[in-house]
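Commentary on secondary and tertiary structure
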Amino acid sequence: MAPNHVHVLVRPLNEHKLSALLQAWKSYTARKVNAALGRSGQVWQKESYDHIVRSASALWHIERYIEAHKK
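Source: prediction; values computed, not measured.

Turning our attention to the overall build of the protein chain. If you tally the helices and strands in the protein chain, you get two helices and zero strands. In terms of C-alpha radius of gyration, the protein chain reaches 14 Å, well past the compact-globule figure of 11 Å for 71 residues. In the protein chain, buried positions account for 4% of the 71 residues. Looking at the protein chain alone, contacts between residues at least 24 apart form 35% of all its contacts between residues at least 6 apart. Of the roughly 6,700 Å² that the protein chain leaves accessible, carbon and sulfur atoms contribute 57%. Across the protein chain, the mean location of the 11 positive side-chain charges is 7 Å away from that of the 5 negative side-chain charges.

In structure tokens:
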């Protein structure tokens, strides 16, 4: 089965907002995916899920989860 989502660990710098970064990533990757497939239209769902990392331990667990689930 083809992947239907991505996991990323990101720390926005300065005044950059996570929502703006996600929008930029979705827009850029949707254009690339559509161009590669010779189509147009929506690629990504509108919603997203984010989680604030509150400790070094939580960061370690999230990093392990992402590593374990990459393809």
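With that out of the way, let us pick up unusual backbone geometry. With phi around 55°, Asn-14 is a residue other than glycine that occupies positive phi space. Relative to the elements of secondary structure, Asn-14 occurs in the segment before helix 1 (18-37).

Reading the values: rules and limits
Residues numbered from 1 in each chain as written. Predicted model: local features only at pLDDT ≥ 70, side-chain atom pairs only at ≥ 80, totals over all residues. Heavy atoms only, no water. Helix = DSSP H or I, 4+ residues; strand = E, 2+ residues; numbered from the N terminus. Rg over C-alpha atoms; globule rule 2.2 N^0.38 Å. Buried < 20%, exposed > 50% of the residue type's maximum accessible area, 1.4 Å probe, protein only. Contact = heavy atoms within 4.5 Å. Areas by Shrake-Rupley, 256 points an atom, 1.4 Å probe, with all protein chains shown as cover. Lys, Arg positive; Asp, Glu negative; His and termini not counted. Charge placed at Lys NZ, Arg CZ, Asp CG, Glu CD.

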